[in-house]
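Listed below, chain by chain, are the residues.
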Amino acid sequence: MFRGVNGINIDVKGRIAIPTRYRERLQESRSCVVLTIDTEEKCLLLYPLTAWEDIEAKLAQLPSFNPAARRIQRLLIGHATEAELDSHGRILLPPLLREYAGLSKHAMLVGQGKKFELWD
C-alpha cells in the first residue's frame, strides 16, 4: 500500500524522482508505472503496472453502448502512458499530462493505497 504525502520536484526535463521508500514496491511491477489523468480532478494518477492491468481489464468489461462508460474508457485508457523508473528512480512525465495537471516545478505525490495522485 502506498501511504503518505511527499513534496517532490520536477526537473527541467519533466522527470520526478520516486521517493526511495516506494521504489522497492514499484520494482515488483518490473519498475514500470502507468500514468493517466484523473477524470474528476486536475491531477495525475500513477499506478504500478500490475495494478493498472487489473483496472484496464475492468474498464474493458464496461458496456461499450453506455456513453458514460465509453467516456471513462476514453479518458483513462486513452491518456494512459507507461513509464519506467531509471537507475536513479526517476520517471518522465509526458508534456501533455503535465499540462493537464498544471504541473510545473513542485508537486505533491500522495499515496492512495494501490496508486498515487500527483498534484501541483
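### Describing the sheet that holds strand 5 (residues 81-84)
Okay, so step 1: The 6 strands lie next to each other as 1-7-8-4-3-5, forming an open sheet whose pairing is antiparallel. Edge positions in the sheet fall to strand 1 (5-9) and strand 5, since each has one partner strand and no second. Sheet twist, expressed as the mean angle between neighbouring strand axes with direction ignored, is 30°.
Okay, so step 2: Sheet topology places strand 3 (residues 32-37) next to strand 5; 4 bridges connect them, and they run antiparallel. Bridge pairing in strand 5 links C32 to E84.
Okay, so step 3: On the sheet, helix 2 (residues 49-60) packs against strand 3, strand 4 (44-48) and strand 5 and is oriented at approximately 105° with respect to strand 4.
Okay, so step 4: Strands in contact with helix 3 (residues 67-79) are strand 3 and strand 5; relative to strand 3, the strand with the most contacts, it is inclined by about 140°.

### Things to note about helix 2
Okay, so step 1: Taking 1.5 Å per residue as the helical rise, helix 2 with its 12 residues ought to reach 16 Å, and the 16 Å between its terminal C-alpha atoms agrees with that figure.
Okay, so step 2: Summarising the contacts, the buried residues of helix 2 are in contact with strand 3, strand 4, helix 3 and strand 5.

### Some thoughts on the packing of helix 2 against helix 3
Okay, so step 1: Where helix 2 contacts helix 3, the axes come no closer than 10 Å and their chain directions differ by 155°. What the angle tells us is that helix 2 and helix 3 run roughly antiparallel. Pair helix 2 / helix 3 crosses with left-handed handedness. Together, W52, E56, L59 and A60 of helix 2 and I72, Q73, L76 and I77 of helix 3 make up the contact between the two elements.
Okay, so step 2: In terms of residue class, the contact of helix 2 with helix 3 is made up of 6 nonpolar, 1 polar and 1 charged.

Rules and cut-offs
Residues numbered from 1 in each chain as written. Predicted model: local features only at pLDDT ≥ 70, side-chain atom pairs only at ≥ 80, totals over all residues. Heavy atoms only, no water. Pairing = 2+ DSSP bridges. Helix = DSSP H or I, 4+ residues; strand = E, 2+ residues; numbered from the N terminus. Axes fitted to C-alpha atoms, helices over the stretch in contact; angles between N-to-C directions. Contact = heavy atoms within 4.5 Å. Expected span 1.5 Å × (residues − 1). Parallel < 35°, antiparallel > 145°, perpendicular 65-115°, else oblique. Left-handed = near helix turned anticlockwise from the far one by under 90°. Nonpolar A, V, L, I, M, F, W, Y, C, P; charged D, E, K, R; others polar.

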